[in-house]
Amino acid sequence: MATPQSYTISEVNKHSKEGDLWVVVNNDVYDLSRFADAHPGGSSVLFQQGVAGKDASESFFSLHRSEVLTKYARLKIGTLDTSAARPYLLPVAGELSPVPFAEPAWLSGKYHSPYLKDSHKALQKEMRKFFDGFRAEARERETSGEKPSREVMEKMGSKEWEINAMRMGPGPHLKGRKLPGGVKPEEFDYFHEMVVIQELPTISSGLPPVLNFGSDKMKAEVLPDILSGKKFISLAISEAQAGSDVRGMTTWATKTADGKFYEVTGTKKWITTGMWSDYFMTGVRTSTNGLSMLLIPRTDNVSTKRIKTSYSAAAGTAFVEFDKALVPVENLLGKENEGLKVILSNFNHERIVICARIARYSRLIYEESFKYAHLRKVFGKPLVEQPVIRAKFALMLAKVDAGQAWLESLIYQMTKMTYAQQAKELAGPIALLKMYLSRCAGEISDDAVQIWGGRGITQGGMGVYIEQFQKTFKFDSILGGSEEVLADLGTRQAMKGMPKVAL
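Residues numbered from 1 in each chain as written. Predicted model: local features only at pLDDT ≥ 70, side-chain atom pairs only at ≥ 80, totals over all residues. Heavy atoms only, no water.

Asker: Provide a residue-level description of the overall build of the protein, including the pertinent values.
Answerer: Along its length, the protein carries 16 helices and 15 strands. Relative to a compact globule of 503 residues, whose C-alpha radius of gyration would be 23 Å, the protein shows 26 Å and is just as compact. Taking the principal axes of its C-alpha atoms as reference, the protein extends roughly 90 × 65 × 45 Å. Burial analysis of the protein (503 residues in total) assigns 49% to the buried set. Nonlocal contacts in the protein, meaning residues at least 24 apart in sequence, comprise 72% of its contacts between residues at least 6 apart. By element, 54% of the accessible surface of the protein is carried by carbon and sulfur atoms, the whole surface being about 25000 Å². (Helix = DSSP H or I, 4+ residues; strand = E, 2+ residues; numbered from the N terminus. Rg over C-alpha atoms; globule rule 2.2 N^0.38 Å. Buried < 20%, exposed > 50% of the residue type's maximum accessible area, 1.4 Å probe, protein only. Contact = heavy atoms within 4.5 Å. Areas by Shrake-Rupley, 256 points an atom, 1.4 Å probe, with all protein chains shown as cover.)

So, in structure tokens, the structure goes:
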């Protein structure tokens, strides 16, 4: 590879007029002579004092994300002739962030954790490396509303990565698989799952019931294609008239005369990834007072319509209609009329996964905002020098770190309890944690938008993650149970263990 041309700042200064325009950004020299008229912000800003023929690093990074340099790398003609270090650190794919508190304490290198070990760090490093390579595509899909590419899904499910299997949590489904980071299947625990979830921001909650309640035949038929990324599965519980009140669902499943099938009729609403799912883990009514869970494959009698939501164009949220869909009786999970046990047993795991996701995204919003507040100048000094802005960051950090600590504490309890014990002892605490984190996310989003101003409500550009978060945080305050319902659940669970005590 040829050695990059080196230029002195004096040489760069000579190129400062129309048709002959150079600038320096982070010690690299760019020729913008032919690009000026195509500049999205107009050509005039490039000829302002301190830009044309100058080191424009400060101006550039106060107005652009660093990936713009990658997008226009073709305009780079050399480097600045200097021994000085580059003034700005750029994000490095796969690496930890150098921003204070941008990573949870156990990853910072400065603090110690009683829970997370070297194997968790090794897995996190591999997951960061994997997902950083697809973040650009994820943003493109979010804009276009297309589902994740087959390449991404199948790579996640490949024998090299096994991400689809790991994100289902620990269990016998991992036996015999080679996991990233040298993690052994038998040592994979709920903290390893947390690591995967906090690097991967989305997850389908339809598969755990198959793992925990499905027959061996069902697992053999369904798991391979789903875990390999070739097929999708959705959890279909919510209906137009039955959200948190799952007992109110009206989708009926009636056995045929020969007893070989259930005939399912009804609708489900707000089903995440429903638009492209091949299977629906569906809550149905099988008697006046009884609910059951059925694994329903997509057939001609199962139709989906896209629901446009504010939280994600790429989530594939759907309205699902079952029109006398025939489902083999073997596709029943657990026992007939005892489906509520299956549904409720899945809620703990679903909610702890949502908690991990909220905690990670809230921290990302803090990180993005903290960087921006140091780059953005107002009244002649960095935005972070304003006391009112620092006060917002203090509250952000307190919420983010408290939430992560509570999350890790409950996950530790999960590692010491059976599935049945988790359902009994942790339903209340997990419900309260989800309520707390989703409330915090709303407050963090609000503070972030105030810090970013107009950029915080503009699609794309510097504040892309802030704008996206302020549209999506409400999703997690509803998914898996609304804040109000979960707050009440947590309190009622505490009341169950309340003895008669005197003051």
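Still more to cover.
Asker: Before we move on, can you summarise the packing of helix α8 (residues 190–199) against helix α12 (residues 387–415) with the specific residues and values?
Answerer: Packing of α8 against α12 brings their axes to within 9 Å, and their N-to-C directions diverge by 140 degrees. Relative to α12, α8 is oriented oblique. On the side of α8, the interface is formed by Y190, F191, M194 and Q198, while α12 contributes Q404, L407, E408, I411, Y412, M414 and T415. For the contact of α8 with α12, the per-class residue count stands at 7 nonpolar, 3 polar and 1 charged. (Axes fitted to C-alpha atoms, helices over the stretch in contact; angles between N-to-C directions. Parallel < 35°, antiparallel > 145°, perpendicular 65-115°, else oblique. Nonpolar A, V, L, I, M, F, W, Y, C, P; charged D, E, K, R; others polar.)

Asker: Go over the pairing of strand β12 (residues 318–328), please, and point to the residues and values.
Answerer: Two elements, strand β8 (residues 261–271) and β12, share 8 bridges in a ladder whose sense is antiparallel. Each residue of the ladder has a partner; that of T267, found in β12, is E321. Bridge count between strand β11 (residues 302–306) and β12: 5 bridges; the pairing is antiparallel. Bridge pairing in β12 places V302 opposite F322. (Pairing = 2+ DSSP bridges.)

Asker: Give me the side chain of D476: which residues, what numbers.
Answerer: Here D476 is to be found in helix α15 (residues 464–478). Those residues in contact with D476, other than ones at most four positions away along the chain, are I354, R357, I358, K434 and S438.

Asker: Lay out the packing of aromatic side chains in plain terms, naming residues and giving numbers.
Answerer: Per the counting criterion, the structure on display carries 17 aromatic pairs. Ring pairs connect the aromatic residues F130, F131, F134 and W161, which therefore count as one cluster. The ring of F347 is capped by R351, whose NZ or CZ atom sits 4.4 Å from the centre of that ring. (Phe/Tyr/Trp six-rings, centres within 6.5 Å; stacked < 30°, edge-to-face > 60°. Lys NZ or Arg CZ within 6 Å of the ring centre and 35° of its normal.)

Asker: Requested: an account of the side chain of K434, with residues and values cited.
Answerer: Topologically, K434 is positioned in helix α14 (residues 427–452). One buried charge, K434, has no salt-bridge partner; the nearest side chain with opposite charge is D476, at 6.5 Å. Of the polar contacts made by the side chain of K434, one reaches the backbone oxygen of L479; its length is 2.9 Å. (Lys, Arg positive; Asp, Glu negative; His and termini not counted. Salt bridge = Lys/Arg side-chain N within 4 Å of Asp/Glu carboxyl O. Polar contact = N/O pair within 3.5 Å; in protein donor to acceptor, adjacent residues only side chain to side chain.)

Asker: Lay out the environment of G453 with the relevant residues and their values.
Answerer: Considering the arrangement of structural elements, one finds G453 in the loop between α14 and α15. Placed 304 residues apart in sequence, G453 and S149 show a C-alpha to C-alpha distance of 34 Å.

Asker: Any details on the sheet that holds strand β2 (residues 16–17)? Residues and values, ideally.
Answerer: In spatial order, the strands read β1-β5-β4-β3-β2; together these 5 strands make up an open sheet with mixed pairing. Both edges of this open sheet fall to β1 (6–7) and β2, since each of them pairs with a single strand only. Here strand β4 (residues 28–31) pairs with strand β5 (residues 76–80) via 3 bridges, running antiparallel. If you follow Y30 over to β5, its bridge partner there is K76.

Asker: Go over α14 with me, naming the residues and quoting the values.
Answerer: In a regular helix each residue adds 1.5 Å, so 26 residues correspond to 38 Å; α14 covers 37 Å between its end C-alpha atoms and thus fits that length. Taken across its 26 residues, α14 has 19 buried, putting it largely inside the fold. (Expected span 1.5 Å × (residues − 1).)

Asker: A description of α8 should follow, citing residues and the corresponding values.
Answerer: Taken across its 10 residues, α8 has 10 buried, putting it largely inside the fold. Those residues of α8 that fall on the buried side of the exposure criterion are Y190, F191, H192, E193, M194, V195, V196, I197, Q198 and E199. The N-terminus of α8 is capped by D189, whose side-chain oxygen sits 2.9 Å from the backbone nitrogen of F191.

Asker: How would you explain the nonpolar core if you had to name every residue and give the values?
Answerer: In this structure, I163, L295, I352, F393 and L407 are the most contacted members of the largest nonpolar core, which totals 94 residues. For this core, the leading source of residues is helix α11 (residues 339–375), giving 17 residues. Those residues in contact with L407, other than ones at most four positions away along the chain, are M194, Q198, I352, C355, A356, A359 and L433. (Core = buried A, V, L, I, M, F, W, Y, C linked by side-chain atoms within 4.5 Å.)

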